[in-house]
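One-letter residues, chain by chain:
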Amino acid sequence: TRVSEGQVLAVTETGLIYEYSNDGDLLFSFGGRAISSERNGLFTVASGIAVDGQGCIYVLDKEQGILHFFYPTAFALKTHQAILLYNQGKYHESLSVCQDLLRQSGNSRLAHNGIAKCYTQMQEYELAAEHFRIAENRKGYSDCFWELRNQWLGRNIPYLGAAAILVFIVLSLLQRKQ
């Protein structure tokens, strides 16, 4: 089932509910199996999932014949807002929302990853790399590393070329003297 910003929801038969971003990143997981007691949000056999326009999630427990209802938390709504702004190309606004998420959740990989993606779009690769490192996003970190390497090479290639020519000249002169 798709959420309005392009996220995807999935439910397992054991009642674990997953929400993924449109990039395939895990945003949230919740729910679970009711083993010995009936509790809200736990399932005997989950069989279907749906979401409405306000982001409320409905999950059917086919064995119990119960429809469970989950409403989005303030954190989830803010996460969806950050994703929407990012997808609209509003990277500064998305960055601000992600920084708010980080203040709310301490050391959230999700918030660090969002911050890093915004910095990448703004070509702030050093800041992006730091947040990708904290989020343990190896691909994002690697991409930033290569961008930084290319920038360094672009700035320093004339000096490297001049140094190579100078070394060649010095070696040529030394060989002539021998």
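Peer 1: Sorry, what's going on with the nonpolar core here?
Peer 2: Side chains that are nonpolar tend, in soluble globular proteins, to be buried together. With 19 residues, the main nonpolar core has Leu 95, Ile 115, Tyr 119 and Cys 144 as its most contacted residues. Secondary structure elements with two or more residues in this core: helix H1 (74–87), helix H2 (91–105), helix H3 (109–121) and helix H4 (125–134). The residues contacting Tyr 119, other than those within four sequence positions of it, are Leu 95, Gln 99, Glu 124, Leu 127, Ala 128 and His 131.

Peer 1: Is there a simple way to explain the pattern of salt bridges in this structure?
Peer 2: Side chains that differ in sign of charge can pair as their charged atoms come close. Applying the stated criterion across every chain, the model contains seven salt bridges. Notably, a salt bridge pairs Arg 103 with Asp 100, separated by 2.3 Å at the nearest N-O pair. One end of the pair, Arg 103, and the other, Asp 100, are both in helix H2, three residues apart, so they sit about a helical turn from each other. Exposure remark for Arg 103: the relative accessible area of 61% places this residue in the exposed category. The shortest N-O distance in the salt bridge between Lys 139 and Asp 143 comes to 2.9 Å. Here Lys 139 and its partner Asp 143 are both found in helix H5 (residues 138–177), four residues apart, which amounts to about one turn of the helix. For Lys 139, a relative accessible area of 59% translates into the label exposed. The exposure class of Asp 143 is partly exposed, given its relative accessible area of 40%. Beyond isolated ion pairs, a larger network of salt bridges with shared partners links Asp 23, Asp 25 and Lys 117.

Peer 1: Whenever I open this one, the packing of aromatic side chains confuses me. Can you help?
Peer 2: Describing an aromatic ring pair means giving the distance of the ring centres and the angle of the ring planes. With the rule as written, the count across this model stands at seven aromatic pairs. Ring geometry for Phe 28 versus Phe 75: centroids 6.3 Å apart, planes at 75 degrees, classification edge-to-face. A residue pair is termed long-range when its members are at least 10 positions apart, and Phe 28 in strand S3 (residues 26–31) and Phe 75 in helix H1 qualify at 47 residues. Between the aromatic rings of Tyr 58 and Phe 69, the centroid separation amounts to 5.3 Å while the plane-to-plane angle is 45 degrees, which identifies the pairing as tilted. With Tyr 58 in strand S5 (residues 57–61) and Phe 69 in strand S6 (residues 66–70), the pair connects residues that are 11 residues apart, well separated along the chain. Given a relative accessible area of 28%, Tyr 58 falls into the partly exposed group. Counting every residue linked through ring pairs, the aromatic cluster contains Phe 30, Phe 43 and Phe 70.

Peer 1: For this particular structure, what's the right way to read the sheet that holds S3?
Peer 2: The strands making up a sheet are joined through hydrogen bonds of the backbone, oriented either antiparallel or parallel. Pairing is antiparallel across the open sheet formed by three strands, whose spatial order is S1-S2-S3. Across the chains shown, the open sheet's two edge strands, defined by having one partner strand only, are strand S1 (8–11) and S3. For this sheet, the mean angle separating the axes of adjacent strands, direction not counted, is 15 degrees. Looking at chain direction, S1 and strand S2 (residues 16–20) are connected through four bridges and run antiparallel.

Here is what the cut-offs are and how they apply
- Residues numbered from 1 in each chain as written.
- Predicted model: local features only at pLDDT ≥ 70, side-chain atom pairs only at ≥ 80, totals over all residues.
- Heavy atoms only, no water.
- Core = buried A, V, L, I, M, F, W, Y, C linked by side-chain atoms within 4.5 Å.
- Buried < 20%, exposed > 50% of the residue type's maximum accessible area, 1.4 Å probe, protein only.
- Helix = DSSP H or I, 4+ residues; strand = E, 2+ residues; numbered from the N terminus.
- Contact = heavy atoms within 4.5 Å.
- Salt bridge = Lys/Arg side-chain N within 4 Å of Asp/Glu carboxyl O.
- Phe/Tyr/Trp six-rings, centres within 6.5 Å; stacked < 30°, edge-to-face > 60°.
- Pairing = 2+ DSSP bridges.
- Axes fitted to C-alpha atoms, helices over the stretch in contact; angles between N-to-C directions.

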